[in-house]
Amino acid sequence: MTGPDDILVAEALTRRFDPRLTIGDRIAGALGAPVERRPLRAVTDVSFAIRRGETLGLVGESGCGKSTLGRMVAGILPQTSGRVTLDGKPVMARGRKTTTRIQTVFQDPFASLNPRRRIGETIAEGPIAHGIVTRAGAPAFIAEWLARVGLDPAVAQRFPHQFSGGQRQRVAIARALAMRPDLLVCDEPVASLDVSIQAQILNLFLELRQALGLTCLFISHDLSVVRHVADRVAIMYLGRIVEVGPAARIHAAPRHPYARALLDSVPKLRLDATSVTFRPIAGELPSPLAPPAGCAFHPRCPRASDLCRRERPDLVAGEDGAALACHHPEPAA
Amino acid sequence: MKDFWREYAENRVALLALLVVAAFIGTALAAPWIAPQDPYDLAGLELADARRPPGFVGSGGYAHLLGTDAQGRDLFSAILYGLRISLQMGLVAGAVAMTVGALLGILAAQAGGWVETAIMRVVDLQLSFPAILLALVLVAVLGQGKSQLIIALVAAQYAYFARTAYGAASAERRKDYVEAAAATPLSTFRIVFRHILPNVLPPLIVVGTVQVANAISLEATLSFLGLGLPPTEPSLGMLIANGFQYMMSGRTWISVYPGIALIVLIVAINLVGDQLRDQTNPRLRR
Amino acid sequence: MTAPLLSVRDLRTHFMTRAGVAKAVDGVSFDLAAGEILGLVGESGSGKSVTGFSLLGLVDPPGRIVGGSIRFQGRELVGMPPAALRALRGRHLAMVFQDPQATLNPVLTIGAQMALAVQAHERASDRAALDRAAAVLARVGIPEAARRLSAYPHEFSGGMRQRVAIATALLHGPALIVADEPTTALDVSIQAQILAKMKALAAESGTALIWISHDLATVSSLADRVLVMYAGRIVESGPVGAVLRAPLHPYTRGLLDSLPAMATPGEKLRQIPGAAPSLLALPAGCAFAPRCPRADAACAAPPPEVAQGSRRAACHHPLEAAA
């Protein structure tokens, strides 16, 4: 499913977290106490590609592995197996990130800015360290970026605690974009913001994306946000991508039963006075320590059959960058 | 910063303690100009003036405010000079222990794996028995002298700093801003010294304050036991020891006044440390 | 017309902070009928949660109710002695918090803490109390409720813990439950389960519900009536459908326009400029004026109340309500 337009390619990416046993755990285990030794499979065998200039939305519930996947793409977390390449070159080598062309915007702007550094330093530190700007040129560079993200250039000397959440997220965006990335990984960038501030940040994102011709991986649990900014959407469940497709099509007619159920679960704004019936997904998310055999969604799936309990469906590529992993998908619209 | 001081000043006891510490440091620094007598100048001592009570006017023609000791030294002067040595030992030992401990703690947190295990095992082992035990052994092995004593004090105390730095650095390392720095990417050196260290410093300073007081009392203990500094450089602990044999004979001032000075100093430093701890602990903040 | 279940008049809850007086709730008035579901919507700092906490007398220093009245079942709650308030709380008036972890005791089994909650307000044997707990757990949709009584909170998932918290609130069949962002921390699929359950439970037990949330969509699918708060005051109230279809207050309009779900994908959202004002220094007039596209000189004065049928808005220049 890779093509000439692809800027980022992930192949068979897997991330396992092995439990870290302390000496106490080992002794307890040797004496017969139940000690958790099973590795946690956060992301299993995920392959996808992002085309130059597109925004790929990555959606899923907590624990589905979307953040882990994002951190591997961003070069923060080494993969257990598989590979991530940017224009054919690996993003990480020997546990360290090798490129500045991928930058990240994190979820919580209260945690992602160093509380003891002035925001001007925060913005210019990376670019100075990598020779994008000289120390002498830094003040003008900082002022330019503050203005671009809609902040007063005069605030460069302030500390993060003097800003609101929305303003901090603007600083975080400036820090990422000042490195002149080709690919921006956004990990839930508006999840912790109020609705009115969320709209401001989304608008800023849309504006800068267009102005700079950015390619993006946009991770969110909020389907309406992803629908708004993404060209294509990938839906994850328990460490695997279950469906990928154009945002509009996924939103209107998802084919994987989990995608369908997830969309049905989202409370819609009701403008009429009719009473509402929810169609919640039955059951709980299974533990990623012990994923169900076969298709991981089968215990909650209304369409599950014996085949689903036995055999895990592969992610099969379709047209227009779409792919689906289901034995019994909903009919195409 | 302004807010920090305003909040500090709201606690009257802590403010008073800070003033006391400042006054002690000030008088210790100014000892040569304040003290009526140079207690190290053996030629200036008059045995006839020995063990005189406070207020006695000796051969020097001035009143001995706090009396004199067994060699006829003016006790007030001896305390000022003793304070100088005690503070010097405490501050130098505290600063060196803090540097060594902070570096080890941050290294353990950053490196992980066997380095972390090795460093922290030693630290935990050392924290499990009294610091004075190790100090006693080291002084016995290394012998007397200022630098030997400082080595002993540092060896006995770096573990507290290492544990604090390790805990704080482990917490900071997991925060998004460190991840953001690694994602830029920035060099590990820069991440450790420009990002993690400044955020680990506040708890270290709090521990440092209290550890300076502990170093002073540890040094006093060693000197009292005769294992500290050579008698030519009497610290507060040695002054107390020198007067100890006269306690029963009613000449209590020789031990008591240096003792009071030591206690006031240590309590004051601890009160300052407590207030700093309260102010930097977000859980105690409203 | 009978007296409402809850009648709040000019409620003011202020926080005496080091930096000054933060007027978190500043003159909130509303009525709630028995069995009604009221959505209380606002962004952070709007005072919606503090309003909820004030109703139950759970405002901690440096916060304090400095004025107004809360009449619940004909009794005045403001100034009521703490013991009397405690007797009321949990029995007739219950609260569900955003983080169920915070309300469940980690070292007691679910059954033990629910039995204690039963026995706090009435004499019941342990056996009877546990049976009651099991029955209520089954009602909120916990499978094998009787067996789960001996489980500890950490053995439950986040969604299940929130169900336990809701079950505990329901134990005494209270007349009013105040729920503060109860599904915000949960995943959408779990949130949908809880919303469905909540709606059914409120209908079958006749319990009135105040649902505090920042999420207009959740409120729209659950509540009968909605209050929109901004900077400590109610700016608009009315039936959910009418308010969201054609808001009177420019702030409500702005909130709706900020939702990506309401916009064409990829288009810029019609954002509200600026940020909410500091509660320490609220303007004398309309607090929303600095961000409002319709503001003019008149907005420097306190906004008048505009009434339209059962709808209210506090605005000098309300929007036209479409038919």
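What you see is a predicted model; the values in this text were computed from it and never measured.

What is the right way to look at the pairing of strand β3 (residues 37–41) of chain C in this model?
Successive side chains on a regular strand alternate, one facing one side of the sheet and the next facing the other. Residues and elements named next belong to chain C. Taking burial as the measure, the 5 residues of β3 include 5 buried ones, the bulk of the element. What you see with β3 is no split at all: I37, G39 and V41 on one side and L38 and L40 on the other are buried throughout. As defined by bridge partners, β3 adjoins strand β8 (residues 208–213) across 5 bridges and the pair is classed as parallel. Looking across to β8, one finds that I37 is bridged to L209. Relative to strand β9 (residues 225–230), β3 is paired through 4 bridges, and the arrangement is parallel.

Can you walk me through the interface of chain C and chain A in this structure?
Quoted interface sizes are often the accessible area lost when the parts come together. Contact with chain C, which involves 34 residues of that partner, is made by 36 residues of chain A. At the level of elements, α8 (188–205), α9 (216–222), α10 (240–245) and α11 (250–258) of chain C are the ones that each hand at least two residues to the side of chain C that touches chain A. With 6 residues, the top contributor of residues to the side of chain C that touches chain A is α8 of chain C. For the side of chain C that touches chain A, the class distribution of residues is 17 nonpolar, 13 polar and 4 charged.

Explanation requested: the environment of A42 of chain A in the structure shown.
Residues and elements named next belong to chain A. Relative to the helices and strands, A42 is located in strand β2 (residues 40–51). A residue is classified by how many C-beta atoms lie within 10 Å of it, and A42, with 23 of them, is buried. Distance in space between the C-alpha atoms of A42 and R117 is 33 Å, their sequence separation being 75 residues. Among all residues touching A42, those that are not within four sequence positions of it are R15, F17, G65, T68, G239 and P288.

Whenever I open this one, the UniProt feature "domain: ABC transporter" (unreviewed entry) in chain A confuses me. Can you help?
Cross-referencing UniProt, the feature "domain: ABC transporter" (unreviewed entry) maps to residues 25–263 of chain A in the present numbering. Segment residues 25–263 of chain A splits into 36% helix and 24% strand. End C-alpha atoms: 42 Å apart.

Explanation requested: the UniProt feature "transmembrane region" (unreviewed entry) in chain B in the structure shown.
Residues and elements named next belong to chain B. Those residues carrying the UniProt feature "transmembrane region" (unreviewed entry) are residues 85–110, 122–143, 149–166 and 254–273 in this numbering. In residues 85–110, helix accounts for 100% and strand for 0%; the two terminal C-alpha atoms are 37 Å from one another. In residues 254–273, the share of helix is 100% and the share of strand is 0%. The end C-alpha atoms are 30 Å apart.

Analysis parameters
- Residues numbered from 1 in each chain as written.
- Chains lettered and ligands numbered in written order.
- Predicted model: local features only at pLDDT ≥ 70, side-chain atom pairs only at ≥ 80, totals over all residues.
- Buried ≥ 20, exposed ≤ 12 C-beta atoms within 10 Å, placed from the backbone.
- Helix = DSSP H or I, 4+ residues; strand = E, 2+ residues; numbered from the N terminus.
- Pairing = 2+ DSSP bridges.
- Contact = placed C-beta atoms within 7 Å.
- Nonpolar A, V, L, I, M, F, W, Y, C, P; charged D, E, K, R; others polar.
- UniProt positions renumbered as here; feature names shortened; annotations may be inferred.

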